[in-house]
Amino acid sequence: MDGGTAYATYRGLLSPEVGGPLGKIGASLLLAYGLWRNPHLKSLWAIWLGFFLNSLVIAANQGHMPVSLPEVHAVGLKGSAALLAHESDAIHSLLLPSSKLWFLADIIPLGPQHVVSLGDLFILLGLAGVIVEGGWQAAETQRTWKVPRTWLTLLLAALSALLWGGVLLRAV
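Residues numbered from 1 in each chain as written. Predicted model: local features only at pLDDT ≥ 70, side-chain atom pairs only at ≥ 80, totals over all residues. Heavy atoms only, no water.

A. Layout of the overall build of the protein. Within the protein, the regular secondary structure consists of seven helices and four strands. Each helix and strand of the protein, placed in order from N terminus to C terminus, yields the pattern α-α-α-β-α-α-β-β-β-α-α. Going through the 172 residues of the protein one by one, you find that 40% of them count as buried. In the protein, the proportion of contacts linking residues at least 24 apart, taken out of those at least 6 apart, comes to 69%. Accessible surface, the protein as shown: approximately 9,700 Å² in total, 69% of it carbon and sulfur. (Helix = DSSP H or I, 4+ residues; strand = E, 2+ residues; numbered from the N terminus. Buried < 20%, exposed > 50% of the residue type's maximum accessible area, 1.4 Å probe, protein only. Contact = heavy atoms within 4.5 Å. Areas by Shrake-Rupley, 256 points an atom, 1.4 Å probe, with all protein chains shown as cover.)

Rendered as structure tokens:
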């Protein structure tokens, strides 16, 4: 979802102020649906936490995820600095002294050509956990542990939708 709006922003079909929040709203709805339909996959909650942490820092920075320029250079993405400086993609911008929640921004170099955030690490761990859990549960004949489909899923979805709805309304 985010990739589609990022591409639309890059091609000039959407402004970054609209494309970023629109992608996050769609992604949060899809994630909430996944949590609701798969309560037996506990690792989905790590994905939700990572998504929520990323949403917080992006919302605090007018719809952009700040990215550390020294880390961008350290992993070999020197060409991306100009794009970040002009905020020409729907999601990323340069990490500045005025950036809010900088500790949740993309400041962690991860392998060649990747700078990630704490939220991204939770998402990666959650994805790995979902794969492992799915494999374990495919071998089981009966599931004994269930995450209740409670108000928590709806609360997290509502918070995310309100957060991104507010960012979208400020942009329009």
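B. A look at the nonpolar core. In terms of nonpolar packing, the biggest core is built from ten residues, these being Ala27, Leu31, Ala32, Leu35, Leu41, Leu44, Trp45, Ile47, Trp48 and Phe51. Ranked by size, the runner-up nonpolar core spans seven residues in total, among them Met65, Ile91, Leu104 and Ala105. (Core = buried A, V, L, I, M, F, W, Y, C linked by side-chain atoms within 4.5 Å.)

C. Focus on helix α3 (residues 44-60). Over its 17 residues, α3 runs 24 Å from end to end, which matches the ideal 24 Å to within 8%, given 1.5 Å per residue. Burial within α3 is extensive, with twelve of its 17 residues counted as buried. Every buried residue of α3 is listed here: Leu44, Trp45, Ile47, Trp48, Gly50, Phe51, Leu53, Asn54, Ser55, Val57, Ile58 and Ala59. Immediately beyond the C-terminal end of α3, within one or two residues, lies Gln62, with a positive phi of roughly 55 degrees. (Expected span 1.5 Å × (residues − 1).)

D. Quick peek at the packing of aromatic side chains. Going through the model one piece at a time under the given rule, you end up with three aromatic pairs. Ring plane angle 45 degrees and centroid distance 6.0 Å describe the contact between Trp48 and Phe51, whose orientation is recorded as tilted. Note that Trp48 and Phe51 are positioned in helix α3 at a spacing of three residues, about one turn of the helix. The two residues Trp48 and Phe51 agree in class, both being buried. On the basis of an interplanar angle of 90 degrees and a centroid distance of 6.1 Å, the ring pair of Trp102 and Phe103 is categorised as edge-to-face. By relative accessible area, Phe103 is classed as partly exposed at 46%. (Phe/Tyr/Trp six-rings, centres within 6.5 Å; stacked < 30°, edge-to-face > 60°.)

E. Spotlight on the environment of Leu110. Within the secondary structure, Leu110 is located in the loop between β3 (108-109) and β4 (115-116). Residues Leu110 and Val75, spaced 35 residues apart in sequence, show a C-alpha to C-alpha distance of 8.0 Å. Contact partners of Leu110, with chain neighbours within four places excluded, come to Val116, Leu121 and Leu124.

F. How the structure looks around the environment of His40. By secondary structure assignment, the location of His40 is in the loop between α2 (16-37) and α3. Its relative accessible area of 15% is what places His40 among the buried residues. Taking the C-alpha atoms as reference, His40 lies 8.8 Å from Glu133; in sequence the two are 93 residues apart.

G. Region of interest: a nonpolar patch on the surface. On the surface, Leu101, Trp102 and Phe103 cluster together to form a nonpolar patch covering roughly 320 Å² of accessible area. Within the secondary structure, Trp102 sits in the loop between β2 (92-94) and β3. (Patch = residues over 30% accessible without salt bridge, like charges linked within 9 Å, V, L, I, M, F, W, Y side chains within 5 Å. Salt bridge = Lys/Arg side-chain N within 4 Å of Asp/Glu carboxyl O.)

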